[in-house]
Amino acid sequence: MPEWVYDTAAIEKQYPRRSNFIGMGVCGGAGTTDIMSRKQAEGMAVADIASVVEVQINDTIEDYDTSVERNGRLLEQSVRIQTTKRVVTGMLSGVEIKRTYYDERALNWHALAVLNRTRAGAGAAEAVAQRLAQGRDVLTGLGRGPVHDLVALRRLDRMITELDRLAVALAIFAPSRKGEAKRQIESFKDDVSAQRDTALAGATLRISLRSASAKRLPASLREAASKALRRAGFTVVDANAAGELQVQVEVKTSTQVGSMRIYEVASGSSFKLVEKGKTILEGAVPAGPASSSRSSSEQLSRTRSLARLAARLEAGVAAMLNEEG
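Residues numbered from 1 in each chain as written. Predicted model: local features only at pLDDT ≥ 70, side-chain atom pairs only at ≥ 80, totals over all residues. Heavy atoms only, no water.

In terms of nonpolar packing, the biggest core is built from 74 residues, with Phe188, Leu221, Phe234, Leu245, Leu273, Val317 and Leu321 touching the most fellow members. No other element matches helix H6 (residues 146-173), which puts 15 residues into this core. With near-sequence residues (within four places) excluded, Phe234 lies in contact with Val147, Leu150, Val151, Ala203, Leu205, Leu229, Leu273 and Leu321. Formed by seven residues, the second largest nonpolar core is a distinct cluster that contains Trp4, Val5, Ile11 and Val114. (Core = buried A, V, L, I, M, F, W, Y, C linked by side-chain atoms within 4.5 Å. Buried < 20%, exposed > 50% of the residue type's maximum accessible area, 1.4 Å probe, protein only. Helix = DSSP H or I, 4+ residues; strand = E, 2+ residues; numbered from the N terminus. Contact = heavy atoms within 4.5 Å.)

See below:
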């Protein structure tokens, strides 16, 4: 059995931690020809490095990054974790599997992964350049209309969050590159902010509710969609809007006949964001148990079902607007 399997000092001697990240992975395997188990051990070694890098980035950025989105702290934490993982994934291109060993007595594969800090810094710098180029392309494509532009600019919020984490990664792994990257990132943020102010001023929407039924739809559906739009920065108006949220409501009714007639009503909706006749985003909330109601009164079942749909519609529109593009 090689020393690196059981003696961390042997690894430290060959790959000093001051200049390298070290990851270890172990996976049970049927034998030396069990390639899948060996690959799994290697993947676990890479994941070991990733977890250490994620902790360092989050621990460093936590002091001053407490607000990412406007939808509550839990979502903010989720955004932070998700974007950090994407940043780390991009940096792991420099990871090398230095050693593998199969222990025939314990029936285990062992893998040793190494990420040189300098290579990690180079990966972070390259990722900054790539994201800035992508962001500039988005800014260049603005001007199709305030609704389209605001949707595109909201997508850049996630990219800005990633750029903030990449700046932290550079500070950790390549301090000499941090200054220039920070200047470029701040300039990009200023450009996004200026464009956002312009888009917000004109991003007005009206809401149209439609249904195959002639029966009137409750006002709660319109208010639910309106809440999601306003949280995203849009202004909801009754007329003279730049765009429209078109909501098509579906109501399904089935009956069960026994000692008495029971009506089961399930409701759902599809919706799309339209500007100048073009669909920008679309989504759906399917009719199902979450918005169904059973009663001996068809009207009561319908009323209850549509009331339950309102909350689902608000969440569905919000998910559409927050979906990554």
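This prediction gives the protein a mean pLDDT of 87; 92% of its residues lie at or above 70. For the protein, the element scoring lowest by mean pLDDT is helix H4 (residues 73-91), at 63; strand S5 (residues 235-236) scores highest, at 96. Note on residues 63-76: pLDDT under 50 across the span, and 21 contacts to partners over four residues away in sequence or across chains. (pLDDT = per-residue confidence, 0-100.)

Counting buried positions along strand S3 (residues 108-116) yields seven of nine residues, so the element is predominantly enclosed. Relative to S3, strand S1 (residues 20-28) runs antiparallel, the two being bridged by nine bridges. Note on S3: the bridge partner recorded for Phe21 is Leu115. Where strand S2 (residues 96-103) lies against S3, seven bridges are found, and the strand directions are antiparallel. What sits directly across from Ile97, in S3, is Ala113. Counting the residues between successive antiparallel strands, the hairpin from S2 to S3 contains four residues, one of them, Leu107, with a positive phi of roughly 60°. (Pairing = 2+ DSSP bridges.)

Packed helix pairs are characterised by how far apart their axes lie and by the angle those axes make with each other. Interaxial distance between helix H8 (residues 219-231) and helix H9 (residues 298-322) falls to 8 Å at its minimum, and their mutual angle equals 25°. As judged from the angle between their axes, H8 and H9 are roughly parallel. Pair H8 / H9 crosses with right-handed handedness. Between H8, through Ser220, Leu221, Ala224, Ala225, Lys227, Ala228, Leu229 and Arg231, and H9, the contact on the second element is made entirely by Leu306, Leu309, Ala310, Leu313, Glu314, Val317, Ala318 and Leu321. Grouping the constituent residues of the contact of H8 with H9 by class yields 12 nonpolar, one polar and three charged. (Axes fitted to C-alpha atoms, helices over the stretch in contact; angles between N-to-C directions. Parallel < 35°, antiparallel > 145°, perpendicular 65-115°, else oblique. Left-handed = near helix turned anticlockwise from the far one by under 90°. Nonpolar A, V, L, I, M, F, W, Y, C, P; charged D, E, K, R; others polar.)

Here we come to the sheet that holds S1. Within the open sheet, the three strands sit side by side as S1-S3-S2. Their pairing is antiparallel. Each end of this open sheet is capped by a strand with a single partner; those strands are S1 and S2. Each adjacent strand pair in this sheet contributes to an overall mean axis angle of 15°, direction not counted.

In this description, an aromatic ring pair is defined by two values, namely the gap between the centres and the angle between the planes. Scanning all chains against the criterion turns up one aromatic pair. Look at Tyr102 and Trp109: their rings are 5.3 Å apart centre to centre, the planes differ by 55°, and that puts the pair in the tilted class. The ring of Phe21 has Arg117 sitting right over it, with the charged end atom 4.1 Å from the ring centre. (Phe/Tyr/Trp six-rings, centres within 6.5 Å; stacked < 30°, edge-to-face > 60°. Lys NZ or Arg CZ within 6 Å of the ring centre and 35° of its normal.)

As a further point, take the pairing of strand S8 (residues 278-285). Sheet topology places strand S7 (residues 261-275) next to S8; seven bridges connect them, and they run antiparallel. Pairing of Phe271 across the sheet is with Gly283, part of S8. If you look at the hairpin formed by S7 and S8, you'll find two residues sitting between the two strands, and Lys276 has a positive phi there, around 55°.

When you line up the elements, Arg196 lands in helix H7 (residues 175-202). Under the relative-accessibility criterion, Arg196 is labelled buried at 18%. When neighbours within four sequence positions are excluded, Arg196 is seen to be in contact with Leu150, Leu153 and Asp157.

Turning to unusual backbone geometry, a few remarks are in order. The phi dihedral of Asn240 falls on the positive side, at around 55°, and the residue is not glycine. Mapped onto the elements, Asn240 comes out in the loop between S5 and strand S6 (243-257). By relative accessible area, Asn240 is classed as exposed at 79%. Positioned with a positive phi, Lys276 is a non-glycine residue whose angle comes to about 55°. Among the secondary structure elements, Lys276 is positioned in the loop between S7 and S8. Judged by its relative accessible area of 65%, Lys276 is exposed.

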